[in-house]
Number of protein chains: 2
Amino acid sequence: MGKVLLNWSPSEKDLNLMQSMLVGHDLRPTPWTPSDIAEAQVLIYSNRTPELDDLIPQMKSLKLIQSYYAGVDHLPWKKIPREVMVAAGTGANSEAVADMAVALMLSALRHLYLYDAEMRLNVWRRRPGKDTDGLKVTVLGTGSIGQAIARRLKSMNAVVTGVSRSGAAVPPFDHVLTVDSWIADPQGDVVIIALPLNKGTKNLINAAVLNKMPNGTLIVNIARAAIVEPESLYRWLTDNPNSVYASDVWWNEVLGTKPTVVEQPVPIESLKNVVMAPHVAGFTQTTQIKVLRVACENVGRFLAGQPPLYLVNHEDYEGLEE
Amino acid sequence: MGKVLLNWSPSEKDLNLMQSMLVGHDLRPTPWTPSDIAEAQVLIYSNRTPELDDLIPQMKSLKLIQSYYAGVDHLPWKKIPREVMVAAGTGANSEAVADMAVALMLSALRHLYLYDAEMRLNVWRRRPGKDTDGLKVTVLGTGSIGQAIARRLKSMNAVVTGVSRSGAAVPPFDHVLTVDSWIADPQGDVVIIALPLNKGTKNLINAAVLNKMPNGTLIVNIARAAIVEPESLYRWLTDNPNSVYASDVWWNEVLGTKPTVVEQPVPIESLKNVVMAPHVAGFTQTTQIKVLRVACENVGRFLAGQPPLYLVNHEDYEGLEE
């Protein structure tokens, strides 16, 4: 029998579903007893809470941290011993996130984000849009989210280039380049960022890369804001008024559903060539259940003695916060 | 040698392209001489101009009216003798229009149209979106635009039902229903209107149909506004705040690119559950050339003695304006 700590209190319905997927194992939502903490082999992590930093060093039996979501950049990496495995919540919200990438892309290509305010005043101001047919789209990241985006783009007859560390061919991409070769020559009418945030991708899109992109490039970000260097982006958007940044993710974020004011390090909201959404790419009616299933399936594998899937490398994340 | 009247003055570049596709034939843009009018066998029609009503009865040699665009509802049908063939500009802008259908659908499903105004004030108000994975989408119209929409929807794993007069199976639709059976039971989480406007489709979406749709239905219109009865729609949207109408087409329209104020018969712009674009679905950088090619290819077929493609039935249109 395994003991599994959850760093939140799920609804009764969610907890019942998790328990039904982990029969014979002991699920412990917050609050925990000292023996829960000492004995649990698995931590399922949903959101970063201040307690997490203190908790992990006290988990003397910890073998696996399972992230609820695809990104593991928010974990307190300094506190995680190298022998503890960390698994991402891979694939759970890929379809929902890919939809948002397409929504942001089309909203920018067809100027939809500009029309709402005008049309509500009955002002018609028609602008020619860009076609997806033959459009050159580069997707940074060829994982499950990148593949789901590429599948959608192929249905629109776009020419889709993937970019990954290895550059290995992956369907349904037309071509795949290595990150290094793309950085040297950052091609694409549209560049969609679908990479994990880690030490290798932080500030990957900086002034040197942006300045190689022609005026008119559309950048879509459904990954993490910190992959893009904010001051350089702000300057590039100001200098290249035909370029557009359409993003679901921001350097400063407050999740939850209560309306909240969130300021960014640069006044990007004042630029017309920006399409903005409040980190909702993975926030859909069915995503929560899918995320839960992926996490529990993987934890179930591990507790049954099989190697867990979706493991990440500590070296890619240690020192990310510095 | 054929004589072809154009009811506008194309740019020199466009005229050269048209002439290169219709070698040996005589293209006559505005202004015309009396003999141009009397001798031309073909009229290529781009926009409805007041002159068109007087022109057609004077075209004593007229055999074919070729529409530049997919819709032929704007033609002065009363003035067109039954023996004159009328061909639509079928397929030319299908991909661009399908992109706009997807853009409007995703903007509504993911609330993107509401975020721009909020995010520009740095206000984060996150709303759970709807997934396309497993979404039941009904596309009214299984022609080239409907098929291009369905192809995109299948890449998102939606369940796609087509609706046509015949109900005949067409790939890539999962099912196809007849208009009559769908009207009796108007199913679909999302209903996308991609039908031509004619006598059979005018006010097809009326109070009786709307009142059978559950609160939460999304209607997307990239066809013609007059397929939807405005007062009934306005009442339905008011009574069903979870339903959304996302449309590129309006009862009153002023095309062109100069900013213009256009009022609608109902104050639909005041409703939050409406996504609005100013008839730009087919207005993209490459559409104009594609439209021109489709029209000239079809006219070329006719002038070479072959039957023209994309012919419509007079009976479907005569009396549409009454």
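Residues numbered from 1 in each chain as written. Chains lettered and ligands numbered in written order. Predicted model: local features only at pLDDT ≥ 70, side-chain atom pairs only at ≥ 80, totals over all residues. Heavy atoms only, no water.

A. Region of the structure containing the overall build of chain A. A tally of helices and strands in chain A yields eleven helices and 14 strands. For 322 residues, the compact-globule estimate of 2.2 N^0.38 gives 20 Å, and the C-alpha radius of gyration of chain A, at 21 Å, lies within 12% of that figure. Principal-axis analysis of the C-alpha atoms places the extent of chain A at approximately 65 × 45 × 35 Å. Counting over 322 residues, chain A shows a buried share of 58%. Carbon and sulfur atoms form 54% of the exposed surface of chain A, whose accessible area is close to 12,900 Å². Averaging the locations of the 30 positively and 33 negatively charged side chains of chain A gives two centres separated by 3 Å. (Helix = DSSP H or I, 4+ residues; strand = E, 2+ residues; numbered from the N terminus. Rg over C-alpha atoms; globule rule 2.2 N^0.38 Å. Buried < 20%, exposed > 50% of the residue type's maximum accessible area, 1.4 Å probe, protein only. Areas by Shrake-Rupley, 256 points an atom, 1.4 Å probe, with all protein chains shown as cover. Lys, Arg positive; Asp, Glu negative; His and termini not counted. Charge placed at Lys NZ, Arg CZ, Asp CG, Glu CD.)

B. Fine view of the relation of the copies chain B and chain A. Taken as rigid bodies, chain B and chain A are interconverted by a rotation of 180° and an axial shift of 0.0 Å, the fit giving an RMSD of 0.0 Å. Here the two chains are linked by the operation of a two-fold rotation axis. Mapped onto chain A, 100% of the interface residues of chain B again fall at the interface, so both copies present the same surface. (Least-squares fit on C-alpha atoms with pLDDT ≥ 70 in both. Contact = heavy atoms within 4.5 Å.)

C. Structural view of the pairing of strand β7 (residues 136-140) of chain B. Residues and elements named next belong to chain B. Burial within β7 is extensive, with four of its five residues counted as buried. Bridge count between β7 and strand β8 (residues 159-164): five bridges; the pairing is parallel. If you follow V137 over to β8, its bridge partner there is V160. A crossover connection joins β7 to the parallel β8 through helix α6 (residues 144-155); in handedness this β-α-β unit is right-handed. (Pairing = 2+ DSSP bridges. Right-handed = clockwise from strand over helix to strand, strands pointing away.)

D. Here's a closer look at the interface of chain B and chain A. The interface is formed by 65 residues belonging to chain B together with 65 residues belonging to chain A. If you sort the residues of chain B by the area they bury against chain A, B:R110, B:W124 and B:R126 come out on top, with a joint share of 16%. Linking chain B with chain A are two salt bridges, by the criterion used here. The salt bridge involving B:K290 is made with A:D133; its shortest N-O contact spans 3.1 Å. Our count for the chain B to chain A interface comes out at 39 residue pairs in polar contact (both at pLDDT 80 or more). Counting residues per element, the ones that place at least two in the side of chain B that touches chain A are α4 (94-109), α5 (112-119), β6 (123-124), α6, β13 (260-261), β14 (274-276) and α10 (287-303) of chain B. With nine residues, the single largest contributor to the side of chain B that touches chain A is α4(B). (Buried area = accessible area lost by both parts, 1.4 Å probe. Salt bridge = Lys/Arg side-chain N within 4 Å of Asp/Glu carboxyl O. Polar contact = N/O pair within 3.5 Å; in protein donor to acceptor, adjacent residues only side chain to side chain.)

E. Representation of the sheet that holds strand β1 (residues 3-6) of chain B within the structure. Residues and elements named next belong to chain B. Spatially, β2-β1-β3-β4-β5 is the arrangement adopted by the five strands of the open sheet, whose pairing is parallel. Across the chains shown, the open sheet's two edge strands, defined by having one partner strand only, are β2 (26-28) and β5 (85-87). Direction aside, neighbouring strands of the sheet carry axes that sit 20° apart on average. Pairing of β1 with β2 involves three bridges; the strand directions are parallel. Considered in β2, the bridge of L5 is made with R28. Together, β1, β3 (42-45) and β4 (64-67) form the strand contacts of helix α3 (residues 50-58), whose direction differs from that of β3 by roughly 170°. Running over the sheet, α10 touches β1, β3, β4 and β5 and is turned about 160° from β4. (Axes fitted to C-alpha atoms, helices over the stretch in contact; angles between N-to-C directions.)

F. Highlighting the side chain of B:D248. Mapped onto the elements, B:D248 comes out in the loop between β12 (244-247) and β13. There is no salt bridge for the buried B:D248, and the closest opposite charge comes from A:R110, which lies 6.7 Å off by N-O distance. Excluding residues within four positions of it along the chain, B:D248 makes contact with B:M100, B:L104, B:N221, B:I222, B:E253, B:A277, B:P278, B:H279, B:V280 and B:A281.

G. Examining the nonpolar core more closely. Counting 190 residues, the largest nonpolar core has A:I268 and B:I268 as its most contacted members. Among all residues touching B:I268, those that are not within four sequence positions of it are B:L233, B:Y234, B:L237, B:Y245, B:W250, B:W251, B:V274 and B:M276. Counting 21 residues, the second largest nonpolar core, distinct from the first, contains A:L22, A:C296, A:V299 and A:L303. (Core = buried A, V, L, I, M, F, W, Y, C linked by side-chain atoms within 4.5 Å.)

H. Broad picture of the pattern of salt bridges. Tallying each qualifying case throughout the model produces 30 salt bridges over all chains. Note that A:K3 is salt-bridged to A:D36, the shortest N-O span being 3.4 Å. Residue A:K3 is found in strand β1 (residues 3-6), and its partner A:D36 is found in helix α2 (residues 34-39); the two are separated by 33 residues along the sequence. A:D36 matches A:K3 in its accessibility class, with the two residues each being buried. Between B:E95 and B:R152 there is a salt bridge, with the nearest N and O atoms lying 3.0 Å from each other. Here B:R152 lies in helix α6 and B:E95 lies in helix α4, a separation of 57 residues in the sequence. Under the relative-accessibility criterion, B:R152 is labelled buried at 0%.

I. Focus on unusual backbone geometry. Along the chain, A:P171 connects to A:P172 via a cis peptide bond; the corresponding omega equals 0°. Within the secondary structure, A:P172 is located in the loop between β8 (159-164) and β9 (175-178). Across the junction of B:T30 and B:P31, the peptide omega takes the value -5°, indicating a cis bond. The topology assignment puts B:P31 in the loop between β2 and α2 (34-39). The phi torsion at A:H279 lies on the positive side, around 50°, for a residue other than glycine. For A:H279, the location among the structural elements is in the loop between β14 (274-276) and α10 (287-303). Residue classification places A:H279 among the buried positions, given a relative accessible area of 16%. Of note in the backbone geometry, B:N203 takes a positive phi value of approximately 60° without being a glycine. Mapped onto the elements, B:N203 comes out in the loop between β10 (190-193) and α8 (207-210). When its relative accessible area of 32% is taken as the criterion, B:N203 is described as partly exposed.

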